[in-house]
Amino acid sequence: MKNNLVKKSIKYVIKDNVVSVAVLVVIIIGIVITSLLPPQILRKIIDQNLVPRNGVGLLSLAVSYLGILMFIGIFDFLKEAILTILGQKITKEIRMEMMEKLEKINAIFFSYNGSGTVVSRFTNDVDAISSLFTSGIVSMIVDSFKIIGILGSIWFFSVRLGIITLILLPIIFIIIRIFQRHMLEAQIKNRVLVGKVNNHISESLKNIQMIKSFSKESYMEDSYKMYLIDNYRTMEKVNFYDSIFSPIIMIIRALIIAAVVILSSNQFGYLGISVGMVAASIELISNLLGPIQDLGMELQSIQGAISGIYRVNEFYNEPEDEYKNSELSAESIISNRKEVRISFNDISFYYEEERHILQNINLEFQPQEKVTFVGRTGVGKSTLFKLILGLLKPTNGSIKINEVDVYSIPNTEKRKIFGYVDQSFHTIKGTIADQVSLQDKSITREQIEDAIDFVGLSDYILSLENGYDTKMDNNLFSQGQKQLLAIARAIATNPPILLLDEITANLDAITEEKIISILQKVSDTRTILSISHRLLSMISCDTVVILENGRVKNSGSPELLLENDEWYRSHIELEKLTWR
Ligand SMILES: Nc1ncnc2c1ncn2[C@@H]1O[C@H](COP(=O)(O)OP(=O)(O)OP(=O)(O)O)[C@@H](O)[C@H]1O
Ligand SMILES: [Mg+2]
């Protein structure tokens, strides 16, 4: 992979926290060494004090035994604390870089990747990477050293016991691993089902009106019941493995202790070790089970982290919006708003290869020209607007404003050039005023109020308790009112070019006429490109562009088209026949 974000972030955080990392290394060495000492002290206590019934030095040994146990606890705590802090710093670093990337990424990426996929890159995948630090690689190193140390100590007491432990080690590991795998499988299944159960409720609530109007209540109830039963079954499995796991570990431990005691008993004398060594060996072998259990889980999180790293790096290497000329300013592109020339030079575009949306579009508009695009649903009108806005890159050709390629215009300048009204209104968190300004500090309160007044929403908004400062709520505005708010948002900066995608679709006839007439009044200083489904209700325009099968079928003044275009004439006739 070209750019390895994870490696870069880790390196950065380590460089920035050299002291913490050095302390961590010392602590890890401390943990490995100190965890081997208590069994040795225990052996001394038994062999030198308890068996010969000799009290000399017993107290100091007992105190050091306790002291070392305390040190192990403190070291463990420090290790966990430093690892968690470093892990958090690394995840913060990765997430910040990803956010930066998200803003630069090519818009086409979002055509292929739903929001769920992108969100999971930020949450699940980065969390998986963070577990690499908190419960992954470092803990695995510590545990591996602990196991080696314990094996060494046992070997030192008795080579035979060492060999037996070495043989037992993989067997115990495999048994524990099998149980852990089953446990994890059941847990994952259960988590998925819990998600489904919860989702079902929120989905039902969201679609409650649709469910009722299509009388789908029993269907929803049945599927909920099914999810609940499945969930219950997986929950039972999880509980079963949870309850059986600890007893199994205890049985393994008891069996090993019994084996060590029997093998070192006087009758067998196979191991040839003292009572103290027997006690120490039992403690060592018991200590072995913890790291073996952890090792399994650590392997698991390392596996998860590796696929997380892969996916995060893959995201980080997604192609970016190539060329944005940061020196371009709105003023340098459009120095005089009466001189805006837009040209389409052999534009072709597809979202997916082999499926052309737009093909070989050549158009040239005069300053302040009013252009309406018409064409069947799905012909690519909104796509064409996104190309004009430089949100998408044409697969071929270019769109230019005063000889400047729109794709090279930096995003920061776009609002000063374009006012865009989308087919759907997207709200943001904040007040009603924020919906218009989009929290752009350069837009004054006066501009916001003027824009709202312009679309005729001020009376309604002022009737609300907090007026323009009312907190935005989706239910505060109807579809049509949202459409008006969208227009206010577009015109707030008084941009020289307006792109209006179906602005009248949700408006009643009176509001529609009002909006159109107001727009017409201000249109002498603007270039207006609009999309309209209904030819009769479009803003009076100089040029109509008819799109068909991704190409320009015909273009010209409405009067001209009425004369020479069969499609246009028949549509106008058809609309006259219908009720509106
Ligand atoms: N993000 C996307 N990813 C893939 N395909 C897309 C995407 N957006 C639109 N399309 C496809 O491009 C084609 C043109 O869509 P577009 O929204 O431009 O049509 P339209 O002319 O605006 O239609 P309408 O009149 O219904 O608004 C459609 O077939 C649509 O499926
Ligand atoms: Mg559209």
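Residues numbered from 1 in each chain as written. Chains lettered and ligands numbered in written order. Predicted model: local features only at pLDDT ≥ 70, side-chain atom pairs only at ≥ 80, totals over all residues. Heavy atoms only, no water.

A. Main features of the coordination of the magnesium ion (ligand 2). For the magnesium ion (ligand 2), every protein donor is listed as Ser382 (OG) and Gln423 (OE1), and the spread of their distances is 1.9 to 2.3 Å. Of this pair, Ser382 sits in helix H13 (residues 381-388) while Gln423 sits in the loop between strand E6 (418-421) and helix H15 (432-437); the two residues are 41 residues apart in sequence, bridging distant segments of the chain. The class of Gln423 is partly exposed, set by a relative accessible area of 41%. (Donors = N, O, S within 2.8 Å, 3.2 Å for Na, K, Ca; no water. Helix = DSSP H or I, 4+ residues; strand = E, 2+ residues; numbered from the N terminus. Buried < 20%, exposed > 50% of the residue type's maximum accessible area, 1.4 Å probe, protein only.)

B. Highlighting the site of ligand 1. Of all residues adjacent to ligand 1, which total 13 residues, the nearest are Lys381, Ser382, Thr383, Gln423 and His533. Measuring from a nitrogen atom of ligand 1, one finds a side-chain N or O atom of Tyr351 at 3.4 Å. For ligand 1, the accessible surface in isolation is 640 Å², of which the surrounding protein chains cover 70%. Of the residues forming the shell around ligand 1, the biggest block, 3 residues, is contributed by H13. Among the residues making up the shell around ligand 1, the classes are represented as 3 nonpolar, 8 polar and 2 charged. (Near = heavy atom within 4 Å. Polar contact = N/O pair within 3.5 Å; in protein donor to acceptor, adjacent residues only side chain to side chain. Areas by Shrake-Rupley, 256 points an atom, 1.4 Å probe, with all protein chains shown as cover. Nonpolar A, V, L, I, M, F, W, Y, C, P; charged D, E, K, R; others polar.)

C. Layout of a negative patch on the surface. Together, Glu446, Asp450, Asp453 and Asp459 give the surface a local cluster of negative charge. Here Asp453 shows up in helix H16 (residues 445-454). (Patch = residues over 30% accessible without salt bridge, like charges linked within 9 Å, V, L, I, M, F, W, Y side chains within 5 Å. Salt bridge = Lys/Arg side-chain N within 4 Å of Asp/Glu carboxyl O. Lys, Arg positive; Asp, Glu negative; His and termini not counted. Charge placed at Lys NZ, Arg CZ, Asp CG, Glu CD.)

D. Layout of the UniProt feature "domain: ABC transmembrane type-1" (unreviewed entry) in the protein chain. UniProt marks residues 22-304 with the feature "domain: ABC transmembrane type-1" (unreviewed entry), using the numbering shown here. With 89% helix and 0% strand, residues 22-304 has end C-alpha atoms that lie 27 Å from one another. (UniProt positions renumbered as here; feature names shortened; annotations may be inferred.)

E. Quick peek at the nonpolar core. Counting 36 residues, the largest nonpolar core has Phe344, Phe373 and Ile401 as its most contacted members. Counting residues per element, this core draws most heavily on strand E2 (residues 356-365), at 5 residues. (Core = buried A, V, L, I, M, F, W, Y, C linked by side-chain atoms within 4.5 Å.)

F. Molecular detail of the environment of Asn325. Along the polypeptide, Asn325 turns up in the loop between helix H11 (275-316) and helix H12 (330-333). On the basis of relative accessibility, which here comes to 23%, the residue Asn325 falls in the partly exposed class. Linking Asn325 and Pro410, residues 85 residues apart in sequence, is a C-alpha distance of 6.2 Å. Aside from chain neighbours lying at most four places away, what touches Asn325 is Ser408 and Pro410. (Contact = heavy atoms within 4.5 Å.)

G. Seen up close, the UniProt feature "transmembrane region" (unreviewed entry) in the protein chain. Mapped onto this structure's residue numbering, the UniProt feature "transmembrane region" (unreviewed entry) falls at residues 12-37, 57-78, 131-155, 161-179 and 240-262. Secondary structure within residues 131-155 divides into 92% helix and 0% strand; the distance between the first and last C-alpha atoms comes to 34 Å. What you have in residues 240-262 is 100% helix and 0% strand, and the ends, taken at the C-alpha atoms, are 33 Å apart.

H. Up close: the pattern of salt bridges. Under the defined criterion, the tally for this structure stands at 13 salt bridges. In this structure, Arg311 engages Asp125 in a salt bridge whose closest nitrogen and oxygen atoms are separated by 2.9 Å. Residue Arg311 is located in helix H11, and its partner Asp125 is located in helix H6 (residues 115-134); the two are separated by 186 residues in the primary sequence. With relative accessibility at 30%, the residue Arg311 sits in the partly exposed group. Across the salt bridge formed by Arg445 and Asp469, the nearest N and O atoms sit 3.1 Å from each other. One end of the pair, Arg445, is in helix H16; the other, Asp469, is in the loop between helix H17 (458-462) and helix H18 (479-491), with 24 residues separating them in the sequence. Given a relative accessible area of 37%, Arg445 falls into the partly exposed group.

I. Spotlight on the environment of Gly114. Tracing the chain through its elements places Gly114 in the loop between helix H5 (109-112) and H6. For Gly114 and Tyr227, which are 113 residues apart along the polypeptide, the C-alpha to C-alpha distance reads 25 Å.

J. Main features of the packing of aromatic side chains. What the rule picks out here adds up to 12 aromatic pairs. With centroids separated by 5.1 Å and ring planes inclined at 85 degrees, the aromatic side chains of Phe109 and Phe110 adopt a geometry described as edge-to-face. Here Phe110 falls in the partly exposed class, since its relative accessible area comes to 39%. Summarising the aromatic geometry, the rings of Phe156 and Phe157 are spaced 6.3 Å apart at their centres and angled 50 degrees between planes, so their arrangement reads as tilted. Each member of the aromatic cluster is reached from another via a ring pair, and the members are Phe109, Phe110, Phe122 and Phe315. (Phe/Tyr/Trp six-rings, centres within 6.5 Å; stacked < 30°, edge-to-face > 60°.)

K. Highlighting the pairing of strand E8 (residues 527-531). Extensive coverage of E8 is indicated by the burial of 5 of its 5 residues. In E8, alternate side chains face the same way, and those of Thr527, Leu529 and Ile531 on one face and Ile528 and Ser530 on the other are all buried. As paired elements, strand E3 (residues 370-375) and E8 share 4 bridges and run parallel to each other. The partner of Thr372 across the bridge, within E8, is Ser530. Where strand E7 (residues 497-501) lies against E8, 5 bridges are found, and the strand directions are parallel. Directly across from Leu499, in E8, lies its bridge partner Leu529. (Pairing = 2+ DSSP bridges.)

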